[in-house]
Amino acid sequence: MIFAYNKEHVGDVLFVIAADDKGQENHVERKGNVARISADGQVVAWNIFEASTILGTIEGTGQVELTDEQLDKLNQELTAAGFSETLAVDHDPKIVVGFVKSCKKHPDSDHLSITQTEVDNGEVLQIVCGAPNIKAGQKVVVAKPGAMMPDGLMIWPGVLRGVESYGMICSASELHLPDAPAKKGILELPFDAIVGEKFAVGK
């Protein structure tokens, strides 16, 4: 579940993205300061208006983290508006240091590779990557499902040329790092980088 906020450019609205709508038509039901967005019968998002009045100070812009106290207030607001759903916060970081354990060519592509990439304490994700410099043995930056990139791109599980992929291995430019090189390729981290550690992205 992705929480996003940008008061300066969007207004005092907290966006809660629960699922990928996969381009389907959205249905919006608003009650008071809460709007529920559904697609094909599934709740895919919530918009919470006057968010700072309800939750107090919301730290950061883009993808933000809510405290447990703020989550309680948010669920109280949903209940008061007449909705039966409750929201949960996942405190695990979504953009982290990863280790490419294996890398092989995609059977149906001349530029894609299929990696098995460790993202935390034995957790391994299959990630399809199109970078020319990807190889086994690298420390990299992984955007896990549920991440929001600095440009607003949301990361969901997907299928690339018939192969399931659960995240994205990132380049410096995708992370909005200063002085990111113009050439294509994923960002390779020093080998002493700690797998699973949160990686700070640019804004």
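- Taking an unreviewed UniProt entry as the reference, the protein chain is identified by name as tRNA-binding protein belonging to Enterococcus wangshanyuanii.

## Points about the overall build of the protein chain
- On a plain count of helices and strands, the protein chain comes out with three helices and 14 strands.
- Taking 203 residues into account, the globule formula puts the C-alpha radius of gyration at 17 Å, and the protein chain, at 19 Å, falls close to it.
- Taking the principal axes of the C-alpha coordinates as reference, the protein chain spans close to 50 × 35 × 30 Å.
- Considering the protein chain as a whole, with its 203 residues, one finds that 41% of them fall into the buried category.
- Carbon and sulfur atoms provide 49% of the accessible area of the protein chain, an area that totals close to 11,000 Å².
- The positive charge centre, built from 18 side chains, and the negative charge centre, built from 29, are 6 Å apart in the protein chain.

## Structural notes on the UniProt feature "domain: TRNA-binding" (unreviewed entry) in the protein chain
- As annotated in UniProt, the feature "domain: TRNA-binding" (unreviewed entry) corresponds to residues 89-200 in the numbering used here.
- This span, residues 89-200, is 0% helix and 37% strand, and a straight line between its end C-alpha atoms measures 20 Å.

## Some points on the sheet that holds strand β4 (residues 34-39)
- Pairing within the open sheet is antiparallel, and its six strands lie in the order β3-β4-β5-β2-β1-β6. A strand with exactly one partner marks an edge of an open sheet, and here the two such strands are β3 (27-31) and β6 (62-63).
- Summarising the sheet, strand β1 (residues 2-5) and β6 pair through two bridges and their orientation is antiparallel. Paired with A4 across the bridge in β6 is Q63.

## Some points on unusual backbone geometry
- Within the chain, K22 stands out as a residue other than glycine whose phi angle is a positive 55°.
- With respect to the helices and strands, K22 occurs in the loop between β2 (13-17) and β3.
- A positive phi is found at D40, a non-glycine position, where the angle reads about 55°.
- In this structure, D40 sits in the loop between β4 and β5 (42-49).

## Description of the side chain of N75
- Considering the arrangement of structural elements, one finds N75 in helix α3 (residues 68-81).
- Sequence-distant contacts of N75, defined by excluding residues within four places in its chain, comprise T86 and L87.

## Some points on the pairing of strand β8 (residues 113-120)
- Most of β8 sits out of view: six of its eight residues are buried.
- Two strands pair when backbone bridges link them, and strand β7 (residues 95-105) and β8 are joined in this way by six bridges, in the antiparallel orientation. Within the sheet, the bridge partner assigned to V100 lies in β8 and is T117.
- Bridging between β8 and strand β9 (residues 123-129) involves seven bridges; their strand directions are antiparallel. Bridged to T115 within β9 is I127.
- The hairpin turn running from β8 into β9, its antiparallel successor, is two residues long, and N121 in that turn takes a positive phi close to 45°.

## Observations regarding the pattern of salt bridges
- In total, this model carries seven salt bridges according to the counting rule given.
- Between K198 and E65 there is a salt bridge, with the nearest N and O atoms lying 3.3 Å from each other. Taken together, the positions of K198 in the segment after β14 (188-189) and E65 in the loop between β6 and α3 put the pair 133 residues apart, joining distant regions of the chain.
- In this structure, E69 engages K73 in a salt bridge whose closest nitrogen and oxygen atoms are separated by 3.9 Å. Placement of both E69 and K73 in helix α3 is noted, with a separation of four residues, approximately one turn of the helix.

Thresholds, definitions, all that
Residues numbered from 1 in each chain as written. Predicted model: local features only at pLDDT ≥ 70, side-chain atom pairs only at ≥ 80, totals over all residues. Heavy atoms only, no water. Helix = DSSP H or I, 4+ residues; strand = E, 2+ residues; numbered from the N terminus. Rg over C-alpha atoms; globule rule 2.2 N^0.38 Å. Buried < 20%, exposed > 50% of the residue type's maximum accessible area, 1.4 Å probe, protein only. Areas by Shrake-Rupley, 256 points an atom, 1.4 Å probe, with all protein chains shown as cover. Lys, Arg positive; Asp, Glu negative; His and termini not counted. Charge placed at Lys NZ, Arg CZ, Asp CG, Glu CD. UniProt positions renumbered as here; feature names shortened; annotations may be inferred. Pairing = 2+ DSSP bridges. Contact = heavy atoms within 4.5 Å. Salt bridge = Lys/Arg side-chain N within 4 Å of Asp/Glu carboxyl O.

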